[in-house]
Amino acid sequence: AGRAHLRLILLDGSDCISSDGECVSYPGQSLENYYSFHYMLDTMGERGQIKVPLVGTSDPESPFYRTGWTGVVGNGRLDKDVIRGFRLEISVDSAGEIGSLVSGVVALGNLSAVLPATAGANAMQELPEAKCVFEPDLHLSTEASFGFNRKVEFVGSRCCEICLEDAQCLFAQDTARHCFLSPGLEETGALSPVQLANTEFLRSTTGSYWIDDPVKRGDFCSVCSCDEERGMIDCRERDLAIVPKTFNELWEPKILDLRYNSRLLIIGKDSFQAIATSLQELYLPKAAQFISPDALDEISANVVFEVDREQEFVIGKSSPLNVISSKTESFGDVCCGISDIAAPSSFSFCKLEVFVPGIDSTYVPFLQYVDAPQLREIRPSSSFMSEAAQSPQLCAEYCAISSKCRYFSYDARWKESEHRCNLLASNGTRSEEVCCDIDDFGDKEGTTAGWTSGRPPRTRYEEDDAKVKFSPRQGLVASEQNNFEVHYEITLGADPLRGAVWVEPQIRNTDDFQVTISPQRVALYDTFSTATVQVIISNIHTIGKGMATLVVDNIITSCDAAFTSAPLTELADSGAVYIDVIPPFQGNDQTAKVILPAILVPLFLFTFLTICGYILFKKKRREADSVWRVLPSELKFKPEPEILGRGTFGVVVLAEYRGSPVAVKRVIPPKRGGDNDSTLSSVFSRGQSTKDFELAFQDSAHPNDFLTNEKIDEDQFTDEESGTKSASTKSPPIRGDNSREGLLSGFFQLSTHKNMTTRKATRNRLKQNFISEMRILSKLRHPCITTVSCYG
């Protein structure tokens, strides 16, 4: 017992490349040989049955094991579709004594492929009927490199039926003329046969199908390994092209692992129907490019997508074209919006809305624009663009392609002989509701609106704020303080009518330094979507000493045409973000260069304007003072001056000024000479420096109104006003000579103890008081009085 066993060997011709007929010849040395081992002769007189799952790999634990004893290596998996034949071998091991014998009778028969039956049942399970499943959002590229190995011409309408009848066909593409069949899809490098049907033409003229056949798909536990103890179906590395269909065990699986199946590109509708209710964990291959929304309909399991083997598993990491795990991700097409279909693990499915005329315009029923300037009225009888009068949508589309059209209005009232499409330059003076008499409808039953008005994409951009917004666009500074890392946010001003808005930041200029932008694409689905773009700048030393400006152009792609309808005047700069880059070794200097001009320039302007104002003020004051300034040389005195009066600080004498008699008063004490006993300088001596005078012009008709003829014999001068002490002395009579001692030299003699600094300050104060007095007097407008003065 235990020494004799039967070997059932299957011959796989999937990798046979012989051209001399060896791929179909016995014993299969040019084929892959997969062995199964079964002990026999252990029991005598009993007839048994051997059941082997039709699965073969290079794993010794596999039901069929490629031992490598004979045949070619191939791809290391048993391809059921290309089994060329089988061999039977009976082997006796060498564990016995020399000369020992093993004997018995072996009867073999009824070798067949048996479909699995329900556990405990003797009858064959009734299999579900095979059917062809249509996926409306799917489109398959039919190149031979993608796995399409058969083309049936001119039978497009029968493509699904032909694939059902073909023993190997799992996928079919109907091109409306021809039918392309594939036993399993293949990726070619970075290219994939799986695409989204993203145009109206593809959706209306072509069709993509997969075959839901229990025989072709097989049973989970026959195709994969089932572990009841762990509740796991392990389908890893089984080279699956389609998900198995049936599960005929009594236990309920909790885990299904489909990772590392590079040909499992499509997961169709109801793929997990047999095990959906009990699944708790579902591992999907990263090769999956399309997942039908109905495939995960009844699944509440935690769904995990495969990542690279050396990485940890990342929940929600997805690559399918029509599934995202976060609203920050983008679908495989910009016309994919967020679907309302519920999905597990926070997944979102694509809601694909393809272009049809007028889809990007907004419509308001029963609305008419009053006094709107009309660009064109189009009717069915018009010789040009008559299609625009067929529907509000076509009217809107013709408005969208007319550069001057900002609004449209469609009149389809049933009483009108023709429908009219009005292309408008504006919405007029007001909007008026036209409802709800029977004549306001488009039919007698009152089911459609008679008037429909609206806005094309360009007007939505301008008035509905259907724009992409960047904050901030300017003022970003990358410096050593922020590690040369800046951020800006992207939002939408309005909700797209369909699909998403993609923004892809690109560097306009780098100035030879390196820039890293993350993420490389931003997907926005509504006004609640906000994306943050990170810009990191490195290799800064290449920009030199000066500050550089980095420009990030954000390329906008939108399914909704409104978001790409910027006027030509805005188009070039609508998505630009500007970043000032300050080198680290110039950081402080550059900061100073930025801040100092901001301080010094206004300060310089203020100083300049102040100086100019002061100069102008002084000029105007000099012009005003010229009214009362005179030169001493213009005053003429008598040989013996006539004293008219005296005051506390001086005397008044008679003089002549430009032919008119004037009174001259000395009001500021003269400067002290070098000798303490020297006398005051005369105000009347010729050739002296300019002195201060007040002149009161005497009217010739009234010479005595303000002048007196009083003679002064003496004067007492007290310097208390100046804060100094002086002696009061009697002054001798004034002589009438013009000597340099002056007229008043004998009148005052100041104290020899005067403080020179105090006296100078007193003189300056008195001088300023006198000038102020003269400026006030010069403003007098009496016809008989004019005041002038001279000072030095």
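Residues numbered from 1 in each chain as written. Predicted model: local features only at pLDDT ≥ 70, side-chain atom pairs only at ≥ 80, totals over all residues. Heavy atoms only, no water.

Focus on the pairing of strand E33 (residues 485–492)
Burial of the side chains of E33 is restricted to one face: Val-486, Tyr-488, Ile-490 and Leu-492 are buried, whereas none of Glu-485, His-487, Glu-489 and Thr-491 on the reverse face is. As defined by bridge partners, strand E31 (residues 468–471) adjoins E33 across four bridges and the pair is classed as antiparallel. Bridge pairing links Lys-469 to Thr-491 in E33. The pairing of E33 with strand E37 (residues 531–538) spans six bridges and is antiparallel. For Glu-485, the partnering residue across the bridge sits in E37 and is Ile-536. (Buried < 20%, exposed > 50% of the residue type's maximum accessible area, 1.4 Å probe, protein only. Helix = DSSP H or I, 4+ residues; strand = E, 2+ residues; numbered from the N terminus. Pairing = 2+ DSSP bridges.)

Brief notes about the environment of Glu-432
Position of Glu-432 among the secondary structure elements: in strand E29 (residues 430–433). According to the relative accessible area criterion, Glu-432 is partly exposed, its value standing at 33%. Between the alpha carbons of Glu-432 and Gln-368 there is a distance of 5.2 Å; along the sequence they are 64 residues apart. Dropping the residues within four chain positions of it, Glu-432 is found in contact with Phe-366, Leu-367, Gln-368 and Val-370. Reaching out from Glu-432, the side chain makes a polar contact with the side chain of Arg-430 at a distance of 3.4 Å. (Contact = heavy atoms within 4.5 Å. Polar contact = N/O pair within 3.5 Å; in protein donor to acceptor, adjacent residues only side chain to side chain.)

Considerations on a positive patch on the surface
A cluster of basic side chains, namely Lys-618, Lys-619, Arg-621 and Arg-622, defines a positive patch on the protein surface. By relative accessible area, Arg-622 is classed as partly exposed at 46%. (Patch = residues over 30% accessible without salt bridge, like charges linked within 9 Å, V, L, I, M, F, W, Y side chains within 5 Å. Areas by Shrake-Rupley, 256 points an atom, 1.4 Å probe, with all protein chains shown as cover. Salt bridge = Lys/Arg side-chain N within 4 Å of Asp/Glu carboxyl O. Lys, Arg positive; Asp, Glu negative; His and termini not counted. Charge placed at Lys NZ, Arg CZ, Asp CG, Glu CD.)

Observations regarding the side chain of Ser-91
Along the chain, Ser-91 turns up in strand E5 (residues 83–92). Side chain to side chain, Ser-91 and Arg-7 meet in a polar contact 3.3 Å long. Discounting chain neighbours no more than four positions away, the residues touching Ser-91 are Arg-3, Ala-4, His-5 and Arg-7.

Quick notes on the state of the cysteines
Under the counting rule described, the total for this entry stands at 10 disulfides. Between the sulfur atoms of Cys-132 and its disulfide partner Cys-160 the distance amounts to 1.8 Å. Of this pair, Cys-132 sits in strand E6 (residues 131–134) while Cys-160 sits in helix H1 (residues 159–165); the two residues are 28 residues apart in sequence, bridging distant segments of the chain. A relative accessible area of 18% places Cys-160 in the buried class. Between Cys-335 and Cys-559 runs a disulfide, and the two sulfur atoms are separated by 2.0 Å. The chirality of the disulfide connecting Cys-335 with Cys-559 is right-handed, given an S-S dihedral of about 90°. One end of the pair, Cys-335, is in the loop between strand E21 (323–324) and strand E22 (336–338); the other, Cys-559, is in the loop between strand E38 (548–558) and helix H7 (568–571), with 224 residues separating them in the sequence. A relative accessible area of 12% places Cys-335 in the buried class. Looking at Cys-559, the relative accessible area reads 6%, which means it is buried. (Disulfide = S-S within 2.5 Å.)

Focus on empty space enclosed by the protein
A full pass over the atoms with the stated rule returns six cavities of 30 Å³ or more. The calculated volume of the second largest cavity comes to roughly 60 Å³. Taken together, Asp-270, Phe-272, Gln-273, Ala-276, Asp-294, Ala-295, Leu-296, Asp-297 and Glu-298 form the lining of the second largest cavity. Looking at the lining of the second largest cavity residue by residue, the classes come out as four nonpolar, one polar and four charged. (1 Å grid on protein atoms, 1.4 Å probe; cavity = no way out; pocket = protein on both sides within 12 Å on 5 of 7 lines; lining within 4 Å. Points joined across faces, edges and corners; volume = space filled by probe spheres on them. Nonpolar A, V, L, I, M, F, W, Y, C, P; charged D, E, K, R; others polar.)

Structural notes on the sheet that holds strand E27 (residues 407–411)
Spatially, the five strands line up as an open sheet ordered E24-E30-E27-E28-E26, and their pairing is antiparallel. Edge positions in the sheet fall to strand E24 (362–365) and strand E26 (374–378), since each has one partner strand and no second. Adjacent strand axes in the sheet meet at a mean angle of 20° when their direction is disregarded. Strand direction decides the pairing type here: E27 and strand E28 (residues 420–424), joined by five bridges, are antiparallel. Each residue of the ladder has a partner; that of Phe-408, found in E28, is Leu-423. Across the sheet, helix H5 (residues 392–401) is in contact with E24, E27, E28 and strand E30 (451–455); its angle to E27 comes to roughly 155°. (Axes fitted to C-alpha atoms, helices over the stretch in contact; angles between N-to-C directions.)

Observations regarding the nonpolar core
Counting residues in each nonpolar core, the largest one holds 32 residues, and the members touching the most others are Leu-140, Phe-171, Leu-185, Val-194, Ile-266 and Leu-352. Of all the secondary structure elements, the ones that give two or more residues to this core are strand E7 (138–140), strand E11 (194–196) and strand E23 (348–352). Here Val-194 is in contact with Leu-138, His-139, Leu-140, Leu-185, Leu-265, Ile-266, Gln-289, Phe-290 and Leu-321, once residues within four sequence places are set aside. (Core = buried A, V, L, I, M, F, W, Y, C linked by side-chain atoms within 4.5 Å.)

Description of the confidence of the model for the protein
With 77% of its residues at a pLDDT of 70 or more, the protein has an overall mean of 78. Element-level pLDDT for the protein is lowest in strand E44 (residues 693–697), with a mean of 38, against a maximum mean of 96 in strand E14 (residues 232–234). Counting contacts from residues 116–124, a segment whose pLDDT is below 50, to residues more than four positions away or on other chains yields 13 contacts. Taken together, the stretch residues 670–754 has pLDDT below 50 and engages in 191 contacts with residues farther than four places along the chain or on a different chain. (pLDDT = per-residue confidence, 0-100.)

Concerning the pairing of strand E34 (residues 501–507)
Of the strand pairs in this sheet, E34 and strand E36 (residues 522–524) are connected by three bridges, and their pairing is antiparallel. Bridge pairing in E36 places Val-501 opposite Leu-524. Bridge count between E34 and E38: seven bridges; the pairing is antiparallel. Residue pairing in the sheet places Val-501 in a bridge with Ser-558 of E38.

Things to note about the sheet that holds strand E35 (residues 514–518)
Taken in spatial order, the four strands of this open sheet run E31-E33-E37-E35, and their pairing is antiparallel. Single-partner strands in this sheet number two, and they are E31 and E35. Neighbour to neighbour, the strand axes of the sheet diverge by 25° on average, direction disregarded.

Thoughts on a nonpolar patch on the surface
Judged by side-chain polarity, Phe-86, Leu-88, Ile-90, Val-106, Leu-108 and Leu-111 come together as a nonpolar surface patch covering roughly 580 Å² of accessible area. Turning to its location among the elements, Leu-111 is positioned in the loop between E5 and E6.

Observations concerning the packing of aromatic side chains
Tallied over the entire structure, the rule returns 12 aromatic pairs. With a centroid separation of 5.1 Å and 90° between ring planes, the pair formed by Phe-247 and Trp-251 is classed as edge-to-face. The residues Phe-247 and Trp-251 share a single accessibility class, namely buried. Look at Phe-366 and Phe-441: their rings are 5.2 Å apart centre to centre, the planes differ by 75°, and that puts the pair in the edge-to-face class. With Phe-366 in the loop between E24 and strand E25 (367–370) and Phe-441 in the loop between E29 and E30, the pair connects residues that are 75 residues apart, well separated along the chain. In terms of burial, Phe-366 and Phe-441 fall into one category: buried. Three or more aromatic residues joined by ring pairs make a cluster, and in this case those are Tyr-35, Phe-37 and Trp-69. (Phe/Tyr/Trp six-rings, centres within 6.5 Å; stacked < 30°, edge-to-face > 60°.)

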